[in-house]
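Observations on the model geometry
Spelled out, the chains give:
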Amino acid sequence: METSSHDILLIGGGGAGLRAAIAIAEADPKIDIAMVSKVYPMRSHTVSAEGGAAGVAGKDDTLDEHCYDTISGSDWLGDQDAIEAFVSEVPGELLRLEHWGCPWSREPDGRIAVRPFGGMRKMRTWFAADKTGFHMLHTLFQTSLKYTSIVRYDETFATRLLVEDGAVRGVVAIELRTGRIRMITAKAIIICTGGCGRVFPFTTNANICTGDGMALAYRAGAPLKDMEMVQYHPTGLPFTGILITEAARAEGGWLLNKDGYRFLQDYDLGKPTPTPVFRSMELGPRDRVSQAIFGEFEKDRGFHGPYGDYVHLDLRHLGEHKIESRLPMVRELCLKYENIDPVRQPIPVRPVQHYMMGGVHTDIHGATPLRGLFSAGESACVSINGSNRLGSNSLGELLVFGARAGKSAAEYVANSGRRDNHARLLAQAAEEERQIEENYLRKTDGKERIAKLREEMQKTMESGCGIYRERASLVASANKLRELQERARHLAMEDHSRTFNTQLTSALELGFMLDVAETIVHCALNREESRGAHQRRDFPKRDDQKYLAHSLVSRSAEGPPRVEYLPVVITRWPPGERIYGREH
Amino acid sequence: MADTIILEIARFHPEGDAEPAFQSYEVPLRSDWMVLDALTYIKDQLDGSLAFRWSCRMGICGSCGMMVNGVPKLTCETLLTNFAPGPVRIAPLEHFPVVKDLVIEMDGFLGKLQKVRPWIVRKDGRLPEREFIQTPAELETFKQYSLCINCMLCYAACPVYGLDPSFTGPAALALAERYNLDSRDQGATERTDVLSQHDGIWDCTVVGECSVVCPKHVDPSLAIQQYKLTATKEWFKTWLLPWGNK
C-alpha cells in the first residue's frame, strides 16, 4: 500500500480547512501540512454561501450586542465563552480576508459596507454582493497557493480514521483518479468536511454534503454534539432547494401568503413596516420564520405547487437597480431555475434544510476529546450556534474556529514527541482496504440500489425529523434507519473499476449518511423539549431544568447510539425569553 | 412534446476501453430538468457505472462543465427541453485528457493558477491597521474578473489551448489581470515575468470564444487584450528607462 506521512492532515478543503491550513503555515512554515479533499478545494460548499459574514464593524455596534443576538438566537444553547471568543475575533478575521483580496462590497468612501441580517440588532454583516461564500472561498484558496508547506491531495476520499493507543494517527483514503487506496499518517488531523444536508430530501446543500467527517469522527470514537439541531432556511426554491439568501429580506423583501398578507405579524415577530426593522418580521431568526411559513401551510394559506406548498418572497418594490447591485445572484438563480424575474414577479419559496448546528464535539480551541483530532466549520460543534444559528454567523465561524483549530493543532504537534507504530497502522489500513474490496469493488451479489436507499433515508428524515417532531415519528424513523443500515450491506454494485469510481464513493457516502442520520434521530428523540430549531409537538415548551445542556452522542458497540448531556456554558447572559419584534 | 428524450453519452473506462464510444439512454423529458438532472437520473436508475462530476447544482461550484451538443456548458443550468426532441450528445470538455466517461483531467490548470500568483502581493509588506480603502469604482475595475468559477468551459472553447496545452489560457490570465487591477495589489511586475513568456498572453489570437461561453459573464478575452497593452508598456518602459523597474 502506498503510504505518506505529514505533521498535520486536514480533511476537507472548504473555508474552514483552508483557513486552518493558512493558520498553520503562518504559525510555523516548517510544519508539513496535507490537505485531503474529495473535490478540488474551490468546489467546496462554502462556495454557495450568499448573504454575508457578521462581525462588529460600526461605531454604534458593540461586541456584547453581537454576543446577545447570537445567544438569544441560539435559544440559550450556545456556549457563551465560545460566543465571546467568536464575536471578539471575527472582525479581525474578516479584515484579514480583506487584506488577502476578498472583494467586499464598499461604501462610497471606500470603507467596508455592512448590511442588516436576521436576528441581528445592528448592521454588521460584511458582504461581497450576494456571492460572499464564493468570494471568500476563492480568496482563501488562491491565498493558500502561496504557502509551499501545504501539500494537496485533491479528489481524494477519506474512508476511515486510524486510531492507535487512544490517539488519531492517520487516514485511509482513495485517490479517485487511480482508485489507489493509500494510508496517510499525521500527528494531528483536522476535520473540516462541512455539513450533511443530503440526509434530507429537500436541502440547499450541495451533492458533496454527506456528513463524511462527522461519521469518520463518530466511528473513531469521538462524540457528536447537538445533532438534533437542524436548521431550515425559510427561503428555498421549490424542486431544486436552491437557496435564496436572507439578504433578500435584509434588503427589504417581504414574505407574503396567498392573500398577499405579510403573515409573520401573526407569529409574534412584530408589526409590518415599509422598511426593515432589526430583529423584527422578515428579519426574525430562521427557526421562527421557517416555523411561521409551516404554520401558514397548515392553515392552508400558502400556494399549492407541484413540489409542495410555498409562499411568496416579494422583492419588486426594491427596484431593478437595488436588486442588480445588491442581489445579482438571486436574480440570476430565479431567471435560470424558476424562469421568473424578481424585478417583476414574486419568488416562490419554502423552508429548506440548510445547516447543521450540530457536529463533531469540540472545545473552544477546536479540539475533540479524541487525542490528535480537531474539527472546525460546519462539521464541528463548538457550540456558538446552539439550537439556531443566526444567518451570517457561519462564514465568520469557519474563519475564527478554522484559525483556532489550526493553531491548536500546530501546538499539539510541537508537543507530541511519540513515534507511530507503523506496522500496526498499516495493518489497520490493510483491513480497511480489504473491506472496501469485499463490500463494494468485488461485490456482485447485491440487490439494493444506492439511490433507492438514499431516497428512503431522506424520506424518513423529513417525515420523522423535520421542522416538527414527536416521539412516534422519531421512533418510526429510528426503526427505518436500522432497516436501511441492514439493507445497505447488500448494495448492487455495477462499477467494479478503480478509475474515478463514483458509485463506490456514493456507496461510502450512503454509509456515512446513515450513521449521521441515526445520531440526529436519537438526539431528537432524547431531547424532550422544544428549543430553537428542535420543535417537539409532544413537548412544546423549553425546559431549562433538564435541557440547558448539549446532547453528546456516541457510538455503542451494539444497539442505538448513546446520548448524554453536557451543561451549557453560561457567562454573563442568564437564560431568558427570546423576544423579536417588540420591546424587551 | 414527447415525454422522453435520448441522451447519447460518451463513455470511456480506461481499464477496459481502447477508445470512447457513445451510449444511448432514454430519460424522462421534464420541463424543469436541467441536463444534469437527466445525468443523475441515469446514474441513479439506469447505469450506476456512469462517471461525471457535480456538486452545487446552482452554477457556482464549477464542477459540471461538459460538451452539450458540441458546446461547452454547465449542465446544472442548461435546460434539457432546449434540446427536444433530441437526441442530445453529452461529451467531456474538449481539449482535456479524459479520466473516465465525462470526467476530465484538470491538474494542469491548477498548476497554471499557482503560476500566475493569484494572491495580493505587497512589496513593502505593510498592511493598513484597518481595511484598505477601495472605492466602488476601484472595485468595479476588477470585479468581473473575480467572478470566474474555474469551470474550464473557456479552455474547452479556446482553439489556441486546443493546439497548445501549455498556453496559460483564459481563466488563469483573467485571474492574473483580476489581481493586477486590484488597487490593493503591488504584484503586477512580478506577474509580468510569467505572463509575457511564450506560453503566456502572446499566444492568444483574440478569437474571443472564451468570453462567449463563460457562464459568469467574465470577459477573459478583454483581460488578455488589456494585459497585452500593459505588458507592452512595461516592456517599453524597461527598454527606454532601463532603471524603471529595478
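Residues numbered from 1 in each chain as written. Chains lettered and ligands numbered in written order. Predicted model: local features only at pLDDT ≥ 70, side-chain atom pairs only at ≥ 80, totals over all residues.

1. Side note on the overall build of chain A
Rules: Each helix is a run of DSSP H or I of at least 4 residues and each strand a run of E of at least 2, with the numbering of both proceeding from the N terminus. Computation of the radius of gyration draws on C-alpha atoms alone. For the globule rule, the value is 2.2 Å times the number of residues to the power 0.38. Exposed residues have 12 or fewer other C-beta atoms within 10 Å of their own C-beta, buried residues have 20 or more, and partly exposed residues fall in between, where C-beta atoms are placed from the backbone. By the convention adopted here, residues are in contact when the distance between their C-beta atoms, placed from the backbone, does not exceed 7 Å.
Helix and strand counts for chain A stand at 15 helices and 22 strands. Whereas a compact globule of 584 residues would reach a radius of gyration of roughly 25 Å, chain A reaches 23 Å, a difference of no more than 12%. Counting only residues that meet the buried cut, chain A has 62% of its 584 residues in that class. Counting only contacts in chain A whose residues sit at least 6 apart along the sequence, the fraction spanning at least 24 positions is 76%.

2. Regarding the interface of chain B and chain A
Put simply, the rule reads: Classification used: nonpolar for Ala, Val, Leu, Ile, Met, Phe, Trp, Tyr, Cys and Pro, charged for Asp, Glu, Lys and Arg, polar for all others including Gly.
Listed per partner, the contact involves 43 residues of chain B and 42 residues of chain A. Elements with a minimum of two residues in the side of chain B that touches chain A: α1 (35-46), β6 (98-100), α2 (107-115) and α3 (136-143) of chain B. Looking at which element gives the most residues to the side of chain B that touches chain A, the answer is α3(B), with three residues. Along the lines of polarity and charge, the residues of the side of chain B that touches chain A split into 18 nonpolar, 13 polar and 12 charged.

3. Observations regarding the sheet that holds strand β3 (residues 65-68) of chain B
All names here are of chain B. What counts is decided by this rule: A pair of strands is labelled paired if DSSP reports no fewer than 2 bridges between them. Only the stretch in contact is used when fitting a helix axis, every axis being a line fitted to C-alpha atoms; angles between N-to-C directions are given from 0 to 180 degrees.
The sheet built from five strands is open, its strands ordered β2-β1-β5-β3-β4 with mixed pairing. Each end of this open sheet is capped by a strand with a single partner; those strands are β2 (21-28) and β4 (71-74). This sheet shows a mean twist of 35° between the axes of neighbouring strands, independent of strand direction. In terms of strand pairing, strand β1 (residues 4-11) meets strand β5 (residues 88-91) through three bridges, oriented parallel. What sits directly across from Glu8, in β5, is Arg89. Strands in contact with α1 are β1, β2, β3 and β5; relative to β2, the strand with the most contacts, it is inclined by about 95°.

4. Describing the pairing of strand β11 (residues 230-236) of chain A
Each regular strand shows side chains that alternate between the opposite faces of the sheet. All names here are of chain A. In terms of residue burial, β11 counts as a mostly covered element, since seven of its seven residues are buried. Judged from the five bridges that link them, β11 and strand β15 (residues 347-356) form a sheet pairing that is antiparallel. When the sheet's bridge partners are listed, Val230 is paired in β15 with Met356.

5. A look at the environment of Pro238(A)
Note on placement: Pro238(A) falls in the loop between β11 and α6 (247-250). Setting aside anything within four residues of it in sequence, one finds Pro238(A) in contact with Gly305(A), Tyr307(A), Gly308(A), Tyr310(A), Pro348(A) and Arg350(A).

6. Focus on the nonpolar core
To be explicit about the condition: By convention the nonpolar core is taken to be a set of buried residues drawn from Ala, Val, Leu, Ile, Met, Phe, Trp, Tyr and Cys and joined through C-beta atoms within 7 Å.
Core analysis: the biggest nonpolar cluster contains 259 residues, and Ile8(A), Leu10(A), Ala20(A), Val36(A), Val171(A), Ile189(A) and Ile190(A) have the highest contact counts within it. If sequence neighbours within four positions are ignored, Val36(A) has contacts with Leu9(A), Leu10(A), Ile11(A), Tyr153(A), Thr156(A), Ala158(A), Val171(A), Ala173(A) and Ile184(A).

7. Some thoughts on the domain arrangement of chain B
Interface extent is often summarised as the accessible area lost during association of the parts. All names here are of chain B. Definition in use: In this entry, domain limits derive from an automatic or database-based domain assignment.
For chain B, the assigned domains are domain 1 (4-104) and domain 2 (107-240). Relative to domain 2, the C-alpha centre of domain 1 lies at a distance of 30 Å. Taken together, the 11 residues of domain 1 in the interface contact 12 residues of domain 2. For the side of domain 1 that touches domain 2, the secondary-structure elements that each account for two or more residues are β3 and β4. Residues that form the side of domain 1 that touches domain 2 fall into these classes: five nonpolar, four polar and two charged.

8. Regarding the pairing of β1(B)
Bridging between β1(B) and β2(B) involves eight bridges; their strand directions are antiparallel. Looking at the pairing, Thr4(B) lines up with Pro28(B) of β2(B).

9. Points about the packing of helix α6 (residues 170-180) of chain B against helix α7 (residues 188-195) of chain B
Residues and elements named next belong to chain B. Quick reminder of the rule: Under this scheme an angle from 65 to 115 degrees is roughly perpendicular, one under 35 degrees roughly parallel, and one over 145 degrees roughly antiparallel; angles in between are oblique. It is the rotation of the near helix from the far one that decides the hand of a crossing: anticlockwise by less than a right angle makes it left-handed, clockwise makes it right-handed.
Orientation of α6 relative to α7, taken along the N-to-C sense of each, is 160°, at an axis distance of 10 Å. It follows that α6 is roughly antiparallel to α7 by the angle criterion. Crossing geometry of α6 relative to α7 is assigned as left-handed. Residues Leu173, Ala176 and Asn180 of α6 touch α7, and the partners they reach there are Ala188, Arg191 and Leu195. Residue composition of the contact of α6 with α7, grouped by class: four nonpolar, one polar and one charged.

10. Points about unusual backbone geometry
Here the residue pair Val382(A) and Ser383(A) is connected by a cis peptide bond, since its omega of 15° sits within 30 degrees of zero. Position of Ser383(A) among the secondary structure elements: in the loop between β18 (380-381) and α10 (394-415). At the junction of Gly86(B) and Pro87(B), the peptide bond is cis and its omega measures out at 0° in the coordinates. Along the polypeptide, Pro87(B) turns up in the loop between β4 and β5.

11. Things to note about the packing of helix α1 (residues 15-27) of chain A against α10(A)
Residue and element names in this part refer to chain A. Packing of α1 against α10 leaves a shortest axis separation of 7 Å and a crossing angle of 40°. As far as their axial angle goes, α10 and α1 are oblique. With respect to the hand of their crossing, α1 and α10 are arranged in right-handed fashion. Judged by residue contacts, Gly15, Ala16, Arg19, Ala20, Ala21, Ala23, Ile24 and Ala27 of α1 engage Leu395, Leu398, Leu399, Phe401, Gly402, Ala403, Ala405, Gly406, Lys407, Ala409 and Ala410 from α10. Broken down by class, the residue content of the contact of α1 with α10 amounts to 14 nonpolar, three polar and two charged.

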